[in-house]
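# Fold and contact review
Given next are the chains, with one letter for each unit.
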Amino acid sequence: MPIDLRSDTVTKPTAEMRKAMYDAEVGDDVFGDDPTVNRLEETAAEMLGKEAALYVSSGTLGNQIAIQTLTRPGDEIILEQQSHIYLYEGAGHAVYAGVQTQTLPGVRGAMSLADVREAIREPNIHHPRTGLICVENTHNKAGGTILGLDHLRELASIAHEHQIPIHMDGARLFNAVVASGHKAPAFTQHVDTVQVCLSKGLSAPVGSILAGSQEVIERARYIRKRMGGGMRQVGVIAAPALIALTQMVERLAEDHQNAKILATGLAEIDSVQLDVSTVETNIVIIDVTKTGISSVELVDRLRTEGVWCADFGPGLVRFVTHKDVDRAQVQEALAIIHRVVRGVA
Ligand SMILES: *Cc1c(COP(=O)(O)O)cnc(C)c1O
């Protein structure tokens, strides 16, 4: 059996989730009468400290609906330059919302407040309107780093000054919650909308939540339908999603411990570059430029040895810990990686 550290999206639903799927009470969710979906949305809204929530089929769809809900065509949105929305969503913001982007560099995933202030457009006949600021928490490309509460508070105060909404791509927000010890609303109180993936570390088979005010979610529901994202007897997948939300959050702490162990072991390899202190949650990104082979080649070699990981751009390899890789497998993976990298030298 391979040790699959490519992503936390590979997590399989638990036996309890599968049973809940079988037993799920269902209705037609487009008519608003799937009781399981309704329960999921109410529970999610409460956990995220928002008035309302919407169950969507993916994190990408949740982010894209949020952008369409909060902007007008011709607006500009401010994004961190390594963010998922900017890099990995097929420019959906340009296609569906008709907005252009202004990207800013981040430090551990956080844009500088001075840069954001400067990036906000003054009203002028030549300028697009700054319609939205997006943040990502935890930040995937930065290695699962957490955007702190002080940073979010100050960012929100700048945004409010200019009456610009903030969307949080919180695909892994609950990793930030568990690692920091702060409750989800401590983070989400500073943003207008938040998207949370249930299909990553939380191990649901399908879906994400988009949460916000009643008014915003009502419009988001309309946009979801327009995009073809309205689903029918969807209680069968909302049931495991509800288990993800109510029973799988605390478990993320194990993933964080395993990531620390993995990171500490990887940092012992001379040719591997990694600052272990940047590993705050379940993502470990190493720089392999000094190993003598490319990240693509290293990922290939590890795969033949039974350790699956992801090429993450030139010289970078990403490992993500999750429910279906236990402590012993992390140790085994480390031994294999040590052997493979030493074999190259
Ligand atoms: C995975 C991910 C998404 C998108 O989720 P999908 O369900 O794969 O569409 C969005 N943002 C971040 C930061 C992610 O890691």
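An unreviewed UniProt entry annotates the protein chain as Threonine aldolase family protein originating from Tumebacillus lipolyticus. In UniProt, the protein chain has this text filed under Sequence similarities (unreviewed entry): "Belongs to the threonine aldolase family." Recorded in UniProt for the protein chain, the comment headed Cofactor (unreviewed entry) runs: "pyridoxal 5'-phosphate".

## Side note on the sheet that holds strand S14 (residues 316-320)
One open sheet holds the three strands; their spatial order is S11-S14-S13, and the pairing between them is antiparallel. Of all the strands in the sheet, just strand S11 (283-287) and strand S13 (310-311) have a single pairing partner and so form its edges. As paired elements, S11 and S14 share five bridges and run antiparallel to each other. Pairing of Ile-286 across the sheet is with Val-317, part of S14. Lying on the sheet, helix H12 (residues 252-267) is in contact with S11 and S14; it crosses S11 at an angle near 15 degrees.

## What to know about the pattern of salt bridges
Here the structure, examined in full by the defined rule, presents 15 salt bridges. Asp-28 is paired through a salt bridge with Arg-232; the nearest N and O atoms lie 3.3 Å apart. Separated by 204 residues along the polypeptide, Asp-28 in the loop between helix H1 (15-23) and helix H2 (35-47) and Arg-232 in the loop between helix H10 (214-226) and helix H11 (235-247) bring together distant segments of the chain. The class of Asp-28 is buried, set by a relative accessible area of 14%. Using a relative accessible area of 38% as the deciding quantity, one classes Arg-232 as partly exposed. A salt bridge links Glu-41 to Arg-221; the nearest nitrogen and oxygen atoms lie 3.0 Å apart. Within this pair, whereas Glu-41 is found in helix H2, its partner Arg-221 is found in helix H10, the two being separated by 180 residues in sequence. Residue class for Glu-41 comes out buried when judged on its relative accessible area of 6%. Residue class for Arg-221 comes out partly exposed when judged on its relative accessible area of 31%. In the salt-bridge network here, residues are joined through shared partners; they are Arg-251, Glu-254 and Asp-255.

## Regarding the side chain of Gln-64
Take Gln-64: it is sitting in helix H3 (residues 59-70). The exposure class assigned to Gln-64 is buried, which follows from its relative accessible area of 3%. In this structure, Gln-64 is in contact with Ile-85, Glu-89, Gly-92, His-93 and Tyr-96, ignoring residues within four places of it in sequence.

## Notes on the environment of Val-178
With respect to the helices and strands, the residue Val-178 is situated in helix H8 (residues 173-180). Taking the C-alpha atoms as reference, Val-178 lies 6.8 Å from Leu-252; in sequence the two are 74 residues apart.

## Details of the site of the ligand
Near the ligand you find Ser-58, Gly-59, Thr-60, Asn-63, His-84, Glu-89, Glu-136, Asp-169, Ala-171, Arg-172, Cys-197 and Lys-200, and these make up its full shell. In this structure, His-84 approaches the ligand through a side-chain N or O atom, which is 3.5 Å from a nitrogen atom. Lys-200 places a side-chain nitrogen or oxygen 2.6 Å from an oxygen atom of the ligand. Relative to its free-state accessible area of 380 Å², the ligand is covered by the protein chains to the extent of 84%. Here the shell around the ligand takes three residues from H3, the largest share from any one element. In terms of residue class, the shell around the ligand is built from two nonpolar, five polar and five charged.

Rules of the game
Residues numbered from 1 in each chain as written. Predicted model: local features only at pLDDT ≥ 70, side-chain atom pairs only at ≥ 80, totals over all residues. Heavy atoms only, no water. UniProt positions renumbered as here; feature names shortened; annotations may be inferred. Pairing = 2+ DSSP bridges. Helix = DSSP H or I, 4+ residues; strand = E, 2+ residues; numbered from the N terminus. Contact = heavy atoms within 4.5 Å. Axes fitted to C-alpha atoms, helices over the stretch in contact; angles between N-to-C directions. Salt bridge = Lys/Arg side-chain N within 4 Å of Asp/Glu carboxyl O. Buried < 20%, exposed > 50% of the residue type's maximum accessible area, 1.4 Å probe, protein only. Near = heavy atom within 4 Å. Polar contact = N/O pair within 3.5 Å; in protein donor to acceptor, adjacent residues only side chain to side chain. Areas by Shrake-Rupley, 256 points an atom, 1.4 Å probe, with all protein chains shown as cover. Nonpolar A, V, L, I, M, F, W, Y, C, P; charged D, E, K, R; others polar.

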